[in-house]
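Below are the chains, spelled out letter by letter.
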Amino acid sequence: EAGEALSRRLRRSSLAGQPIAIGTATDPYQPAEKHHGVTRSLLEAFLAAEGLEISLTTKSPLVLRDLDLLAELDRRHSVTVNVTVTTLDARLARRLETHAPDPATRLRTVERLAEEGIATQVFVKPLLPGINDDPTALDELLGASRRAGASDVQASPLFLRPAARARFWPWLKNEFPALAGLYSRLYGKRDTLDAHATDQLLADFRRLRLQHGFPHPRPGRV
């Protein structure tokens, strides 16, 4: 009943001009969405309102099922779809995200959304030191994103909340044992990299995004 709850919230007060982000905590197009349609019910609820800034972040081509709704919503609101693509290397992608769609499928999703006129960004999140931050690989990824019609690309380092930290360290030691020491030094007990390490990690990405013709970032964004 998520859609009904959202409809009640929208009737109670105006959210005009406020950003609404779907998919920041977990992907809204996981396999269960095929059967339950919770995300679609949320999008349908927004049809009764106008003037919102709606963003939706996913890795799944299932978002294309809702192209009709997204196109209609984009006439009433400002809609952006963010598609996460952390590497073009299918084997590396499988190691990073075991059950997620492959990179080629995600880029085809970007292309289809862009063809429909939906503002679509590629999220290179997280950017992992020594794993998917190679400048040549990033160059290829940003070039492919540009050709697919992405309006922008963004990146950010890994953020380790306690629950994520408990899963990440065993995964790292199993998949990339040679990097365990580096990550211990970079992260220690922190949730994310410090400012200096973040700037070093993102330096190539920032240079390449401008080389590929993406717009200068707004303040506070990569």
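Before reading further, recall that the structure is shown in the block above.
Residues numbered from 1 in each chain as written. Predicted model: local features only at pLDDT ≥ 70, side-chain atom pairs only at ≥ 80, totals over all residues. Heavy atoms only, no water.

## Some words on the pattern of salt bridges
Applied cut-off: Each salt bridge in this description consists of a side-chain nitrogen of Lys or Arg and a carboxyl oxygen of Asp or Glu lying within 4 Å of one another. Numbering of helices and strands starts at the N terminus; helices are DSSP runs of H or I of at least 4 residues and strands are runs of E of at least 2. Buried means the residue's accessible area, taken with a 1.4 Å probe over protein chains only, is under 20% of the maximum for its type, while exposed means over 50%, and partly exposed covers the values in between.
Considering all chains together, one arrives at 15 salt bridges under this definition. For Glu72, the salt bridge is made with Arg76, and the minimal N-O distance between the two is 2.9 Å. One end of the pair, Glu72, and the other, Arg76, are both in helix α4 (residues 67-76), four residues apart, so they sit about a helical turn from each other. Under the relative-accessibility criterion, Arg76 is labelled partly exposed at 31%.

## Details of the packing of helix α6 (residues 103-115) against helix α7 (residues 135-148)
Put simply, the rule reads: Orientation is described by axes fitted as lines to C-alpha atoms, over the contacting stretch for helices, and by angles from 0 to 180 degrees between their N-to-C directions. Should an angle lie under 35 degrees it is considered roughly parallel, over 145 roughly antiparallel, and from 65 to 115 roughly perpendicular; all remaining angles are considered oblique. We call two residues in contact whenever any of their non-hydrogen atoms come within 4.5 Å of each other.
Viewed as axis vectors pointing N to C, α6 and α7 meet at an angle of 30°, and their least axial separation amounts to 8 Å. With respect to each other, α6 and α7 are oriented roughly parallel. On α7, the residues touching Leu107, Val110, Glu111 and Ala114 of α6 are Ala144, Ser145 and Ala148.

## Topic: the pairing of strand β2 (residues 53-58)
Applied cut-off: In this description, strands pair whenever DSSP reports at least two bridges between them.
Sheet topology places strand β1 (residues 19-22) next to β2; four bridges connect them, and they run parallel. Bridge pairing in β2 places Ile20 opposite Ile54. Pairing analysis gives six bridges linking β2 to strand β3 (residues 78-84), with the strands arranged parallel. Its bridge partner being in β3, Ile54 is matched across the sheet by Val79.

## A few points about the packing of aromatic side chains
The test is simple: Pairing of aromatic rings covers Phe, Tyr and Trp, the last through its six-membered ring, and needs centres within 6.5 Å; plane angles under 30 degrees mean stacked, over 60 mean edge-to-face, and all others mean tilted. Two conditions define a charge located above a ring, namely a distance within 6 Å from the ring centre to NZ of Lys or CZ of Arg, and an angle within 35 degrees of the ring normal.
With the rule as written, the count across this model stands at five aromatic pairs. Members of the aromatic cluster, each reached through a chain of ring pairs, are Phe168, Trp169, Trp171, Phe176, Tyr183 and Tyr187. Seen from the ring of Phe214, Arg146 lies directly overhead, with NZ or CZ sitting 4.8 Å from the centre.

## Some points on the nonpolar core
Rules: In these notes, a set of buried Ala, Val, Leu, Ile, Met, Phe, Trp, Tyr and Cys residues joined through side-chain atoms within 4.5 Å is what counts as a nonpolar core.
With 59 residues, the main nonpolar core has Phe46, Ile131 and Tyr183 as its most contacted residues. Residues contacting Phe46, with those up to four places away along its chain left out, are Leu6, Leu10, Ile20, Ile22, Leu52, Ile54, Leu73 and His77.

## With respect to the packing of helix α1 (residues 2-12) against helix α3 (residues 38-45)
To keep it simple, the criterion reads: Two helices cross in a left-handed way if the nearer one is turned anticlockwise from the farther one by less than a right angle. They cross in a right-handed way if the turn is clockwise. Basically, the charged four are Asp, Glu, Lys and Arg, the nonpolar ten are Ala, Val, Leu, Ile, Met, Phe, Trp, Tyr, Cys and Pro, and anything else, Gly included, counts as polar.
Closest axis-to-axis distance for the α1/α3 pair is 8 Å, and the angle between their directions is 20°. As the angle between them shows, α1 and α3 are arranged roughly parallel. Classified by chirality, the crossing of α3 by α1 is right-handed. Residues Ala2, Gly3, Leu6, Ser7 and Leu10 of α1 touch α3, and the partners they reach there are Val38, Ser41, Leu42 and Ala45. Looking at the contact of α1 with α3 residue by residue, the class counts come to six nonpolar, three polar and no charged.

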